[in-house]
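# Coordinate inspection notes
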Amino acid sequence: MTARVTAGAMMGWQASAPPRLLSLALGLALAHAGPTHAHPLDDCRCSALRPHVRGDLTCDVAAYDFSWGNKICAGILPECVLRPRDAQDVAAAVLFARRASLDLSYRSGGHSYTCNSIKPHSVHLDLRSLRSVALRPATSGAGTELVLGPGNTQADLLDALAEGQMIVHGQCPGVGAGGLFLHGGYHTTLTLKYGRGNDTVTALEVVTADGVVRQLDDLHPHDGLWQAMRQAGSSFAIATRIVVKVIDDFPADVPLDLPRVALLDLLDNASHTAGLPGYFHVNGVDLLAVSASREWENNKAWLEEAIGRKLSWGETARSKLMATGSAHMSRQLGANKRFGNSGEIPYSVSSQDAYATVTFAMAMECYTPEMKAVLADVPEHRDPDTDLGCYLQITSTYLEGMVMVDFNCAYDSAFYQAEQRKLNQRILALCPKVERYYNTPSSFLGARDYFPNYDELAAIKARWDPEEVFRVYQGIRPTGLPPDTYEFSRPYTRTRSVSDWLHEKMWDVLARTVLNNK
């Protein structure tokens, strides 16, 4: 992508731009006119941006702590990294990237399984610097709102709530607030009663492709931008502040994450009653979540009951070693009771580092014996040429009367890409109308598969970002440009440690024992 700004567009922007951004325009002009005295750290093309932002700008990207959450992003290095201090810094960076014909990339506070948040040789905005969070009375009507920066994680937000308060959040404490509230935001039990995360957004502050800071809400929709930001936000603007509804008077004794069991047919008995229904979770061979207890002995008792016998000495030793040697992510990030119970036996002990997903929400009537047979067959498919695994998750509580199916596999495995295509075709043959959740993009599905109103969103994109300043993998493109499979190159070579190997082998023994006894 090569971004362009015409002279007329720059003049129109200057008429309403703040002084700090006007000085940026002058600085950019001088930078293009000839060399200036360089800052000692200015060794990249972003140097001209430094005097015009208050946040930290670094060109030493090789030493920067990105903390991506998966190894596959390592080695994808931008030209520079800006940790903006406010929306004006973000606006300055957007205009700079356009004027300098540099790609723009940006991340909120969490992780991206497929490295959607980073592009090589780009101006990269690390929005983890925008991490404020505060409660306030609702500006419209009764109730409470949470005002937050996109750099927060879900754990940050829950920690800010008072007793008896709740927000719709994800299952993982490390999920970034920006991604969740701009791209859906399912919760296993909360969504059915309170909606998805993006349904709870009441206001946004965003920076658009013209470098203008705008306030969005129901009274200020800005020609479709308000609607688009809560469906595919990263394609349309950069959110610098998000306001969401708080659930007040939330019952403290309601379980948020009920025990998970490895039985596909339990969904036959699922019932949607008033309040928060139960949650059923089915994992595949490699990632079988066997209990929701934090106590290892409880997990062991559950496992023995599931297989109808006592664990052998060897199985007990292997299970205990996993439990003591691998802390669950929620514990590593700071345990929070609002996430519900998470098993001491870890969800994932595989060393795969990035995932692609085939995710469906299907009507309960589609969950026929034929569909169950298709899904029951999935965990048996394993890449024969690698040590990589997948997991299959099935829930009945995201949407009333719906079943959610999530098949997560290693992103770079050609074998699993083929398996996901097969599963996609088999499910659609049995249930042509499904809803997809845009979270971890598939390796073969496009934006049209995720957004049934794609053409409407493309028209909004054409109005607000015709030059695709904000372009993301499998995102919304302007009207007239076909949805693509735009991807970055991933200079990643997968390695396995001895610990990785031991974990995978031990987990395989336990998981296969359970499945073989069902």
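Residues numbered from 1 in each chain as written. Predicted model: local features only at pLDDT ≥ 70, side-chain atom pairs only at ≥ 80, totals over all residues. Heavy atoms only, no water.

### Overview of the pairing of strand S8 (residues 213-217)
- Burial along S8 is one-sided: the residues Arg214 and Leu216 are buried and none of Val213, Gln215 and Asp217 is.
- Note that strand S7 (residues 201-207) and S8 share five bridges and pair antiparallel. Counted as the bridge partner of Glu205 is Gln215 from S8.
- Joining the antiparallel neighbours S7 and S8 is a turn of five residues, in which Gly211 adopts a positive phi near 80°. (Buried < 20%, exposed > 50% of the residue type's maximum accessible area, 1.4 Å probe, protein only. Helix = DSSP H or I, 4+ residues; strand = E, 2+ residues; numbered from the N terminus. Pairing = 2+ DSSP bridges.)

### A few points about the pairing of strand S2 (residues 80-83)
- Taken together, the three bridges between strand S1 (residues 56-58) and S2 define a ladder with antiparallel strand orientation. Bridging from a neighbouring strand, Asp56 pairs with Arg83 of S2.
- Sheet topology note: the S2/strand S4 (residues 122-126) ladder contains three bridges and is parallel. Bridge assignment links Cys80 to a residue of S4, and that residue is Val123.

### With respect to the confidence of the model for the protein
- Mean pLDDT over the protein works out to 74, with 61% of the residues at or above the 70 mark.
- The low-confidence segment residues 1-17, where pLDDT is below 50, has 25 contacts with residues more than four positions distant or belonging to other chains.
- Note that residues 26-40 has pLDDT below 50 and, in this model, ten contacts with residues that lie over four places away or in other chains. (pLDDT = per-residue confidence, 0-100. Contact = heavy atoms within 4.5 Å.)

### Focus: the side chain of His183
- Examined against the element boundaries, His183 turns out to sit in the loop between helix H5 (177-182) and helix H6 (190-194).
- Owing to a relative accessible area of 13%, His183 belongs among the buried residues under this scheme.
- Within the local environment of His183, its side chain forms a polar contact with the side chain of Ser234, the two groups lying 2.9 Å apart.
- Not counting chain neighbours up to four residues away, the residues in contact with His183 comprise Gln231, Ala232, Gly233, Ser234, Tyr437 and Tyr438. (Polar contact = N/O pair within 3.5 Å; in protein donor to acceptor, adjacent residues only side chain to side chain.)

### Notes on the pattern of salt bridges
- For the structure on display, the rule yields 16 salt bridges.
- Two residues, Arg477 and Glu468, come together in a salt bridge whose shortest N-O distance is 2.9 Å. Exposure class is identical for Arg477 and Glu468. Each is buried.
- A single salt-bridge network, built from bridges that share partners, covers Arg83, Asp126 and Arg128. (Salt bridge = Lys/Arg side-chain N within 4 Å of Asp/Glu carboxyl O.)

### Details of the state of the cysteines
- Considering all chains together, one arrives at three disulfides under this definition.
- Covalently, Cys46 is tied to Cys80 through a disulfide, its sulfur atoms 2.0 Å apart. When the S-S torsion is -80°, as for the bridge of Cys46 with Cys80, the disulfide is left-handed. Residue Cys46 is found in the loop between helix H2 (19-33) and S1, and its partner Cys80 is found in strand S2; the two are separated by 34 residues along the sequence.
- You can call Cys46 buried: its relative accessible area is 0%.
- Given the relative accessible area of 0%, Cys80 is considered buried. (Disulfide = S-S within 2.5 Å.)

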